Amino acid sequence: MTNTTTDFTLDATSKSFPIAAAPCRASEIAARGWNVLADDLAFPLAVLSRTALAHNLAWMQDFAQRKGIALAPHGKTTMSPELFAQQLAAGAWGLTFATAFQVAVGVEAGARRVIIANQVVCDADLDALDALLARHADLTVWFLVDSLAQLALVEDWKQRRGSARVFNVLLEMGIPGQRTGCRTLDAALALARALAASKAVHFDGTECYEGGVARCDNEHDAREVTALVRRVLEVARACDAEHLLAQDRILLTAGGSAVFDLVVPLLQAQGLSRPVEGVLRSGCYVTHDHGNYARFLKNVEQREGLDDSLRPALTVWAMVQSVPEPGLALLTCGRRDISYDLEMPIPVQLARRGERSAAAAPAGWSVSALNDQHAYLRFDAAAGDAAAPRVGDRVALGISHPCTTFDKWRWMPLVEDDGAVTGAISTRF
């Protein structure tokens with residue numbers, strides 16, 4: 001994989017960049033000869049494994065290709081122009097976002113097909129999309145509609161602005177008790193007819209998000225996601241039968257990062273009057289994780305008959321700063337540095353002070369709590385000094401759900417398997 005970076009500047013205004021070091025361009029960082037395990041950069045430090053990233057980019061693109069579907073990774077995971085560029089270079093059909101602001105970052109990185117997997121309701125956001133589309137003649141943006149009330153807002157915007165803009169939209173099907181989307185076939189068809197009749201939008205297909213029903217239970221997940229797929233297909237076929245869709249191809253899109261394989265039958269839909277463009281929107285695959293998605297991917301591997309799938313690429317290195325009592329060590333990493341929305345960070349590697357290599361962290365180690373700047377590392381004091389953390393040791397923490405680690409960093413180094421820093425990415429939250 002080519003180490004694709006835009007040439008942004010790194011300096012001491014970026015967290016964990018060495019304050020004593022001269023600023024440098026991202027393209028120059030490899031020449032510094034820095035190594036995470038040589039303590040060349042300050043801790044805590046979020047890092048991306050270059051080899052794991054390369055593996056994940058290729059693996060997911062291959063999965064989509066084998067299934068005959070397109071991939072539009074959700075960019076909210078990383079909000080990194082450099083990673084967007086790598087995903088597009090690897091073969092992604094487009095990118096997915098949640099907001100108009102995020103879309104602008106993706107377009108700047110080169111995306112020309114964009115799905116906003118969310119409703120757009122605000123004048124300022126419609127203005128933003130209008131401006132982006134006017135600026136880029138080759139850009140197509142789809143956003144979700146799930147109510148007549150939302151459609152009325154879009155039509156009102158068009159009338160008040162005196163605009164000729166016609167937005168591309170997808171009808172969202174939802175799940176009772178979950179987030180957005182039409183709940184019933186009748187509601188969906190009423191909306192579809194209104195979308196088809198509207199002069200403010202082109203109605204191009206249907207969308208759903210299946211992740212809200214996933215429980216990491218094969219039987220439950222397959223049953224519930226299959227039920228959702230059938231409901232979405234029912235809507236798509238009904239809309240097709242009434243000739244409500246505007247384009248030559250029907251766009252069907254779905255996919256979080258937990259049970260993405262279970263929506264493939266929707267994206268491969270047959271029996272419609274025109275070809276289907278099936279688009280998978282998984283985002284967290286690019287770095288994967290050590291917790292939530294790692295568990296879900298074991299089930300994907302089982303369902304797909306795979307020996308290997310995604311690899312965790314993101315860790316946050318911290319230093320042991322204090323061992324104030326038996327069984328407790330404090331690490332230089334807290335809520336401002338690492339995810340804690342689903343579960344606590346997971347100790348995955350240990351590099352003793354002064355050593356340039358890391359080993360697996362002891363199995364009994366765990367993080368029990370986070371403060372703003374501290375992680376509480378618990379260990380078995382009875383196991384003896386040889387198995388205990390010591391002040392100055394370095395500990396790599398794995399994460400559960402990468403999205404809310406990325407938003408805590410303006411940049412992250414790309415590192416080789418030996419800890420050498422060979423590149424960098426930026427984020428735009």
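Residues numbered from 1 in each chain as written. Predicted model: local features only at pLDDT ≥ 70, side-chain atom pairs only at ≥ 80, totals over all residues. Heavy atoms only, no water.

Asker: Before we move on, can you summarise the pairing of strand 17 (residues 375–378) with the specific residues and values?
Answerer: Only one face of strand 17 is covered, namely the face carrying Ala375 and Leu377; the face carrying Tyr376 and Arg378 is uncovered. As paired elements, strand 13 (residues 328–331) and strand 17 share four bridges and run antiparallel to each other. Bridged to Leu330 within strand 17 is Tyr376. Pairing analysis gives four bridges linking strand 16 (residues 366–370) to strand 17, with the strands arranged antiparallel. (Buried < 20%, exposed > 50% of the residue type's maximum accessible area, 1.4 Å probe, protein only. Helix = DSSP H or I, 4+ residues; strand = E, 2+ residues; numbered from the N terminus. Pairing = 2+ DSSP bridges.)

Asker: Summarise unusual backbone geometry; cite the residues concerned and give the values.
Answerer: The phi torsion of most residues other than glycine is negative, and most of the peptide bonds are trans. The omega angle of the peptide bond from Phe43 to Pro44 is 5°, so this bond is cis rather than trans. Looking at the element boundaries, Pro44 is found in the loop between strand 2 (24–25) and strand 3 (45–49). We note that His243 has phi near 55°; this positive angle belongs to a residue other than glycine. Within the fold, His243 resides in the loop between helix 7 (218–241) and strand 10 (250–254). The class of His243 is exposed, set by a relative accessible area of 63%. With a phi angle near 90°, His401 is a residue other than glycine that sits in the positive phi range.

Asker: Mind laying out the nonpolar core, listing which residues take part and the relevant values?
Answerer: In this structure, Phe143 and Leu171 are the most contacted members of the largest nonpolar core, which totals 113 residues. At nine residues, the largest contribution of residues to this core is made by helix 7. Leaving out residues up to four positions away in the same chain, Phe143 has contacts with Ile116, Asn118, Val120, Leu126, Leu129, Gln150, Val154, Phe167, Asn168, Val169 and Leu170. Counting 21 residues, the second-largest nonpolar core is a separate cluster that includes Ile29, Val348, Ala396 and Val415. (Core = buried A, V, L, I, M, F, W, Y, C linked by side-chain atoms within 4.5 Å. Contact = heavy atoms within 4.5 Å.)

Asker: Can you lay out the pairing of strand 9 (residues 201–207) for me, pointing to particular residues and giving the numbers?
Answerer: Working note: regular strand, side chains alternate between the two faces of the sheet. Judged by how many residues are buried, strand 9 sits mostly within the fold: six of seven residues are covered. Taking the sense of rotation as the criterion, the β-α-β connection linking strand 8 (residues 167–172), helix 6 (residues 185–197) and strand 9 turns out right-handed. Relative to strand 10, strand 9 runs parallel, the two sharing three bridges. Considered in strand 10, the bridge of Glu207 is made with Thr253. Of the crossover connections in this fold, the one passing from strand 9 over helix 7 to the parallel strand 10 is right-handed. (Right-handed = clockwise from strand over helix to strand, strands pointing away.)

Asker: Can you break down helix 6 residue by residue, with the values?
Answerer: Taking 1.5 Å of rise per residue, the 13 residues of helix 6 would be expected to cover 18 Å, and the 18 Å separating its terminal C-alpha atoms lies within 8% of that figure. Looking at helix 6, one finds that the buried residues are Ala188, Leu189, Leu191, Ala192 and Leu195. Burial along helix 6 is one-sided: seen end-on, the buried residues are contained in an arc of 165°. Away from its buried face, by an angle of more than 90 degrees, helix 6 presents the exposed residues Asp186 and Ala197. Against the buried residues of helix 6 lie strand 7 (140–145), helix 5 (148–161), strand 8, strand 9 and helix 7. (Expected span 1.5 Å × (residues − 1). Arc of directions from axis to C-beta.)

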